[in-house]
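Here is how the chains run, residue by residue.
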Amino acid sequence: MDKGKLKGHAALWVANIVWGLNAPICKSVLWSEAHPEGVSPFALSVYRMVGACLLFWTVSLLLPRERVARRDILRLLFASVFGIQLNQMLFLWGLSLTSPIDTSIIATVVPILTMVLAMFFLKEPITSLKAGGVMLGAAGALLLVLVSRHGAGQTSSLSGDLLCLVSTVSYAIYLTAFRDVIVKYSPVTTMKWMFLFAAVAALAIYWQPLTAVDYASLAPRTWAGIAYVVAGATFLSYLMVPVGQRYLRPTLVAIYNYVQPVVAVLFTVAIGLDTFGATKGMAALAVFAGVWLVTKSKSRAQLEAERQGPRTGK
């Protein structure tokens, strides 16, 4: 494996390990009748968008300036809509209405959608190895979620599930339709513009929920959760994903989503809220085997090179 692909895999491991802890931490931060000292999903969306925007622009000041073509600014605006605004804002809204187990199950759709959309947007073939890897990973992730222990009071909601599903679809569109502009510039440059657009939209839409938060009543635990969501699950993860996009194909980037339930289960086991048995071990193995199969599947460029055969010189 070359250094570029190794860097891409490492970046996606970091992003999805951080995201694996995001759903339960977000749930602990969000307001509910059982958790009245939390914040609304709309206020948390503003914290994420504005916080990450400030972090990315601050980091950009320490790096060489990179000019972005005007036409690409517009494309980054639309990338922001699908990759950040619809994805993250609808995810938090949906999570506040439904259970983390539902969001985990819905997230397994991302690699399947990405594989299909990559065929239309990027002309990437759906090979048997790639399809098999995606399905094996999905089966492992679903099994892991379904056999894990879940806390009480986490009720499902059709409206919350639908919001999470739209969030999932928008992220799959982002991974495929905007890949060329994302890999054209450095991760900090693309993200500082995308989060600038997201921050403006979040402030314009959700300024009232932001001012309605009783900040004096927020517990240190809630502030710590908000800090993790902003600095870890938003800034760090969104810094890592473009690195993966630069070196790896969209379906492979997306299948790393299946690592998230593995991380979540290992976390609950580590803090004594669940146990890890043979079934969970087999499910986790299926996830990693699925990722490996997609890694081994051939891209369009590789298949075209094979069809053309070796070139002969004179």
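Residues numbered from 1 in each chain as written. Predicted model: local features only at pLDDT ≥ 70, side-chain atom pairs only at ≥ 80, totals over all residues. Heavy atoms only, no water.

*Asks:* How should the overall build of the protein chain be read in this particular structure?
*Replies:* Assigned secondary structure in the protein chain consists of 15 helices and zero strands. A compact globule built from 314 residues would reach a C-alpha radius of gyration of about 20 Å, and the protein chain, at 20 Å, matches this within 12%. Projected onto the principal axes, the alpha-carbon positions of the protein chain cover approximately 80 × 50 × 30 Å. Among the 314 residues that make up the protein chain, the fraction classed as buried is 50%. Within the protein chain, contacts between residues at least 6 apart in sequence are counted, and of these 89% link residues at least 24 apart. (Helix = DSSP H or I, 4+ residues; strand = E, 2+ residues; numbered from the N terminus. Rg over C-alpha atoms; globule rule 2.2 N^0.38 Å. Buried < 20%, exposed > 50% of the residue type's maximum accessible area, 1.4 Å probe, protein only. Contact = heavy atoms within 4.5 Å.)

*Asks:* Would you mind showing me how to read helix α4 (residues 70-97) here?
*Replies:* Along an α-helix, a turn takes 3.6 residues, which lines up residues three or four apart on a common side. In a regular helix each residue adds 1.5 Å, so 28 residues correspond to 40 Å; α4 covers 39 Å between its end C-alpha atoms and thus fits that length. Val-81 marks the point of greatest bend in α4, at about 35°. (Expected span 1.5 Å × (residues − 1). Bend = angle between axes of the 7 residues up to and from the residue.)

*Asks:* What is the right way to read the confidence of the model for the protein chain from this model?
*Replies:* Close reading of the predicted structure is inappropriate where its pLDDT is low. Confidence in the prediction of the protein chain, expressed as mean pLDDT, is 88, and 93% of residues score 70 or more. Taken element by element, the protein chain is modelled with least confidence in helix α15 (residues 300-308), mean pLDDT 70, and with most confidence in helix α3 (residues 41-60), mean pLDDT 96. (pLDDT = per-residue confidence, 0-100.)

*Asks:* Whenever I open this one, the packing of α3 against helix α11 (residues 220-247) confuses me. Can you help?
*Replies:* A pair of packed helices is characterised by two quantities: the angle between their axes and the separation of those axes. Packing of α3 against α11 brings their axes to within 9 Å, and their N-to-C directions diverge by 50°. By the angle between their directions, the pair α3 and α11 is classed as oblique. Crossing geometry of α3 relative to α11 is assigned as right-handed. Judged by residue contacts, Leu-44, Tyr-47, Arg-48, Gly-51, Ala-52, Leu-55, Phe-56 and Val-59 of α3 engage Ile-226, Val-229, Val-230, Ala-231, Ala-233, Thr-234, Phe-235, Tyr-238 and Leu-239 from α11. Its residues placed into classes, the contact of α3 with α11 shows 14 nonpolar, two polar and one charged. (Axes fitted to C-alpha atoms, helices over the stretch in contact; angles between N-to-C directions. Parallel < 35°, antiparallel > 145°, perpendicular 65-115°, else oblique. Left-handed = near helix turned anticlockwise from the far one by under 90°. Nonpolar A, V, L, I, M, F, W, Y, C, P; charged D, E, K, R; others polar.)

*Asks:* So what exactly am I meant to see when it comes to the environment of Pro-250 here?
*Replies:* Within the fold, Pro-250 resides in helix α12 (residues 250-255). For the pair Pro-250 and Ala-11, spaced 239 residues apart in the sequence, the C-alpha separation amounts to 14 Å. Apart from residues no more than four positions distant in its own chain, Pro-250 is found in contact with Thr-114, Leu-122, Leu-175, Thr-176 and Arg-179.

*Asks:* What exactly am I supposed to notice about unusual backbone geometry here?
*Replies:* The phi torsion of most residues other than glycine is negative, and most of the peptide bonds are trans. One non-glycine residue with positive phi stands out, namely Lys-123, at about 60°. Relative to the helices and strands, Lys-123 is located in the loop between α6 (109-121) and α7 (128-147). With a relative accessible area of 53%, Lys-123 lands in the exposed category.

*Asks:* How should I be thinking about the nonpolar core in this particular structure?
*Replies:* Proteins that are soluble and globular tend to have nonpolar side chains buried together. Counting residues in each nonpolar core, the largest one holds 81 residues, and the members touching the most others are Leu-44, Tyr-47, Tyr-174 and Phe-195. When near neighbours in sequence (up to four residues on either side) are disregarded, Tyr-174 contacts Ala-79, Phe-82, Gly-83, Arg-179, Ile-182, Met-191, Met-194 and Gln-245. (Core = buried A, V, L, I, M, F, W, Y, C linked by side-chain atoms within 4.5 Å.)

*Asks:* I'm lost on a nonpolar patch on the surface in this one. Help?
*Replies:* The grouping of Val-116, Met-119, Phe-120, Phe-121 and Ile-126 at the surface amounts to a nonpolar patch, some 440 Å² of accessible area in total. Note that Val-116 resides in helix α6. The exposure class assigned to Val-116 is partly exposed, which follows from its relative accessible area of 33%. (Patch = residues over 30% accessible without salt bridge, like charges linked within 9 Å, V, L, I, M, F, W, Y side chains within 5 Å. Areas by Shrake-Rupley, 256 points an atom, 1.4 Å probe, with all protein chains shown as cover. Salt bridge = Lys/Arg side-chain N within 4 Å of Asp/Glu carboxyl O.)

*Asks:* What is the right way to read the packing of aromatic side chains from this model?
*Replies:* The relative placement of two aromatic rings is captured by the distance of their centres and the angle of their planes. What the rule picks out here adds up to 14 aromatic pairs. Between Trp-57 and Trp-193, the aromatic rings sit 5.3 Å apart at their centres with planes inclined by 75°, giving edge-to-face as the arrangement. One end of the pair, Trp-57, is in helix α3; the other, Trp-193, is in helix α10 (residues 187-211), with 136 residues separating them in the sequence. Note on Trp-193: relative accessible area 22%, which makes it partly exposed. Put simply, the rings of Trp-19, Phe-56, Tyr-171, Tyr-174, Phe-195, Phe-235 and Tyr-238 pair up and form one aromatic cluster. Against the face of Trp-57 rests Lys-192, its NZ or CZ located 4.4 Å from the ring centre. (Phe/Tyr/Trp six-rings, centres within 6.5 Å; stacked < 30°, edge-to-face > 60°. Lys NZ or Arg CZ within 6 Å of the ring centre and 35° of its normal.)

*Asks:* What should I look at first to understand the pattern of salt bridges in this one?
*Replies:* Side chains bearing opposite charge may pair, as long as their charged atoms lie close to each other. Inspection of every chain in the model, using the stated rule, returns three salt bridges. Residue Arg-75 pairs with Asp-180 through a salt bridge whose shortest N-O separation is 2.5 Å. Pair noted here: Arg-75 is in helix α4 and Asp-180 is in helix α9 (residues 179-182), with a separation of 105 residues, a long-range link. By relative accessible area, Arg-75 is classed as partly exposed at 31%. For Asp-180, a relative accessible area of 43% corresponds to the partly exposed category.

*Asks:* Would you take a moment to explain the environment of Val-39 for this structure?
*Replies:* As for its position among the elements, Val-39 is in the loop between α2 (22-29) and α3. Take Val-39: its relative accessible area is 1%, and that puts it in the buried class. Setting aside residues up to four positions removed in sequence, Val-39 forms contacts with Val-29, Leu-30, Trp-31, Leu-44, Tyr-47, Val-213, Leu-218 and Ile-226.

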